[in-house]
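Observations on chain architecture
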Amino acid sequence: MCSIIGYKGKQSAAPILVDSLKKMEYRGYDSVGVAMINEGGMLVRKGTGKVLEVNKNLNISGMSGMIGIGHTRWATHGGVTDSNAHPHSACNKSIAVVHNGIIENYKELKKELTEAGHVFTSETDSEVIAHLLEVHLAKGIKDALIATCKRLQGTYGFVAVFQDGTIAGARYEEPLIIGVANDGYFISSDVLGFLQYTDKAIFLDNCDIAIIDSKKMEIFNFDGTPVARPITQVAWELGEIDKGKYAHYTLKEINDQRLTVAHAAQQDEAVMGKFCEILKNAGSVYITGSGTSYHSALLFKHMLARFAKIRAETVMSSEAHDGLASVDDGSVIIAISQSGETADVLESVKVSKKQGAKILGIVNVTTSSLARISDAFLSTNCGPEIGVAATKSFTGQLALAYAVTDRLTEGKLRAGEAAEFVAAIEKVISTSQPVIEKMAADMKDVNDIYLLGRSIHYPIALEGALKLKELSYVHAEGVAAGELKHGPLALMEKNTLVILLAPHDATYNDSISNAHEIKARGATVIGISNIKDDIYDHWIEIPHLDQEAFYPIVEVIPLQMLSYYLALAKNADPDYPRNLAKSVTVK
Ligand code: M6R
């Protein structure tokens with residue numbers, strides 16, 4: 001959600017912090033702030049807006065000093081205002097804090113601290129951390145951190161900077177990572193925060209406290225016992241974080257799919273073997289995820305049932321409380337998450353683990369919390385995804401679902417080669433851009449879009465609707481085409497816009513019948529198919545595929561492109577949709 005960065009080293013900190021915040025801005029972009037320690041003491045600059053805009057207004061990168069912390073916010077408690085922007089300072093201005101997560105008992109703590117004379121300057125839950133540290137600081141920084149963490153309920157990764165130049169952080173259910181450079185240390189909520197300076201990372205465990213003072217960096221658990229955490233070399237290439245020749249990350253990531261789907265399909269034999277062995281031995285199988293990753297779960301379920309004859313239940317992670325209630329020690333949970341940090345997903349996995357289930361993760365971030373707590377995990381291998389709307393991670397998840405099914409069925413799907421859908425994706429990306437861009441411009445004033453798909457196309461109808469909503473702010477609804485006559489048909493009238501997913505497979509004839517029913521009510525139909533039909537007002541062509549099961553991974557591409565170009569036509573920023581953030585680490 002929010003991004004956190006701290007730096008203590010031999011270089012000028014402010015430009016590094018601004019650069020890091022820009023790289024992590026996809027995590028939250030409501031406001032920005034930095035606290036620096038220099039000869040003049042502690043200086044805080046913060047304000048609403050995106051990183052470059054706030055930097056331009058407040059000249060953050062011009063602040064002097066070699067020690068500082070920074071933050072970009074995704075608002076939870078308190079509006080998007082300058083005073084609610086982080087860092088938050090204690091009363092005596094000798095401590096400043098940046099926080100990611102939610103402090104659930106903040107009201108009670110705030111009341112107690114206010115009664116003791118502390119003056120709050122924001123509406124946030126986070127500010128209590130600064131005041132609690134201040135209360136306990138007389139005992140020393142380490143004890144102040146321990147005492148503060150003991151009082152906090154909820155979830156947090158926080159970093160504090162102290163007047164003496166010490167930087168310290170603590171984590172509970174939110175990620176915090178130390179970057180070890182030759183001339184200093186970073187502390188961040190995301191490796192992207194320091195990857196341009198060092199690829200050596202220490203992933204703090206839950207309930208760890210890290211203190212970086214003038215001499216050394218030490219890690220303790222919440223009891224104060226020193227703990228050793230290994231240094232991991234982070235694999236991602238810096239070039240992957242650059243948007244290169246593209247106007248937006250989202251466009252780059254849509255284009256990246258030419259290669260990334262193949263990367264996802266090619267898995268290490270041994271890792272895939274372990275994953276499938278656990279799955280084959282499961283008494284019951286559940287697949288969980290949120291948002292886009294949940295849509296992958298829906299397609300995965302179809303693949304397992306249709307080809308591997310494995311029955312799986314899909315559960316939205318936010319509904320796991322009931323959906324996973326009957327999980328037991330014979331159960332296997334396949335948890336899908338690009339970030340591997342989504343709070344709902346992690347919670348459902350932790351609860352299932354306690355009930356004895358085995359966890360199979362599907363992640364893009366291999367150093368994430370989900371990867372770490374899984375019994376086995378597969379990586380979608382598609383490199384960092386910066387655009388808030390999931391694109392290449394979705395097709396990576398689908399490619400993995402095919403690859404797993406293929407392995408379980410000893411090659412029935414021929415997904416191992418992946419060549420068929422890779423070529424089709426390449427073709428769609430390179431040929432349909434002008435058609436779709438023009439279509440988006442014509443659709444600029446549409447208020448509602450219905451996306452219809454049957455069987456394996458229904459998850460894509462849902463995913464297409466989600467992309468349209470988040471990127472172009474148009475109301476869009478994915479409908480199981482067979483359900484049309486059970487209700488949604490009442491919405492069809494002149495000028496209603498319907499996108500029909502109708503490749504020439506087992507669902508084709510029924511889908512075309514639906515198109516006739518819709519057209520009879522005067523609606524406009526855009527068909528996505530390998531076959532042109534007169535019933536369509538507009539046709540988006542996708543290639544013919546011999547393996548029908550691969551149509552979903554191909555037909556989603558035009559929907560991603562349409563959402564992107566519709567965002568542009570409506571002057572929306574496709575990389576940073578309003579009110580959203582890339583990883584949702586709060587419940
Ligand atoms: O990182 P995750 O895959 O766990 O994220 C889950 C959802 O928050 C995510 O897919 C969200 O729905 C995307 N913004 C969709 O484009």
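Please refer to the structure higher up on the page.
Summary of the structure given here. Since the model is a prediction, treat every value here as computed from it, not as a measurement. (Residues numbered from 1 in each chain as written. Predicted model: local features only at pLDDT ≥ 70, side-chain atom pairs only at ≥ 80, totals over all residues. Heavy atoms only, no water.)

Topic: the sheet that holds strand β22 (residues 497-501)
Read across the open sheet, the five strands follow the order β21-β20-β22-β23-β24; overall the sheet is parallel. Each end of this open sheet is capped by a strand with a single partner; those strands are β21 (475-480) and β24 (538-541). The mean angle between the axes of side-by-side strands here comes to 20°, regardless of whether they run parallel or antiparallel. Relative to strand β23 (residues 524-529), β22 runs parallel, the two being bridged by five bridges. Bridging from a neighbouring strand, L500 pairs with G527 of β23. (Pairing = 2+ DSSP bridges. Helix = DSSP H or I, 4+ residues; strand = E, 2+ residues; numbered from the N terminus. Axes fitted to C-alpha atoms, helices over the stretch in contact; angles between N-to-C directions.)

A word on helix α5 (residues 141-151)
Of the residues making up α5, those classed as buried are I141, A144, L145, I146, A147, T148 and C149. If you follow the buried residues of α5, they end up packed against α4 (127-136), β7 (154-162), β8 (167-172) and β12 (208-212). (Buried < 20%, exposed > 50% of the residue type's maximum accessible area, 1.4 Å probe, protein only. Contact = heavy atoms within 4.5 Å.)

Some thoughts on the sheet that holds strand β18 (residues 358-363)
Spatially, β16-β15-β17-β18-β19 is the arrangement adopted by the five strands of the open sheet, whose pairing is parallel. Looking at strand neighbours, the two that pair on one side only are β16 (312-316) and β19 (376-379), the edges of this open sheet. On average, each strand axis in the sheet is tilted by 20° relative to the strand beside it, whichever way the strands run. With five bridges joining them, strand β15 (residues 284-289) and strand β17 (residues 331-337) adopt parallel strand pairing.

A short note on the site of the ligand
In the region of the ligand, 15 residues are neighbours, and S293, S337, S339, T342 and E470 sit closest. S293 has a polar side-chain atom sitting 2.6 Å from an oxygen atom of the ligand. Take V388: an N or O atom from its main chain is 3.1 Å from a nitrogen atom of the ligand. When the ligand is considered free in solution it has 410 Å² of accessible area, and contact with the protein chains removes 91% of it. (Near = heavy atom within 4 Å. Polar contact = N/O pair within 3.5 Å; in protein donor to acceptor, adjacent residues only side chain to side chain. Areas by Shrake-Rupley, 256 points an atom, 1.4 Å probe, with all protein chains shown as cover.)

With respect to the pairing of strand β1 (residues 3-9)
The side chains of a regular strand alternate, first on one face of the sheet and then on the other. Across the seven residues that make up β1, a large majority, six, are buried. Across six bridges, the pairing between β1 and strand β4 (residues 67-73) is antiparallel. The residue bridging Y7 from the neighbouring strand is G68, located in β4.

Some remarks on the packing of aromatic side chains
Taken as a whole and assessed by the stated rule, the structure comprises eleven aromatic pairs. Taking 4.9 Å as the distance between ring centres and 45° as the angle between the ring planes, the aromatic pair formed by Y7 and F186 counts as tilted. With Y7 in strand β1 and F186 in strand β10 (residues 184-188), the pair connects residues that are 179 residues apart, well separated along the chain. Exposure class is identical for Y7 and F186. Each is buried. Here Y156 and F222 contribute two aromatic rings whose centre-to-centre distance is 6.5 Å and whose plane-to-plane angle is 10°, an arrangement assigned as stacked. With Y156 in strand β7 and F222 in the loop between β13 (217-221) and β14 (232-233), this residue pair connects regions lying 66 residues apart in the sequence. Judged on exposure class, the residue Y156 and its partner F222 are both buried. Members of the aromatic cluster, each reached through a chain of ring pairs, are Y7, F186, F194 and Y197. We note R578 situated over the ring of Y473; from NZ or CZ to the ring centre the distance is 3.8 Å. (Phe/Tyr/Trp six-rings, centres within 6.5 Å; stacked < 30°, edge-to-face > 60°. Lys NZ or Arg CZ within 6 Å of the ring centre and 35° of its normal.)

Read these as geometric descriptors, not functional statements.
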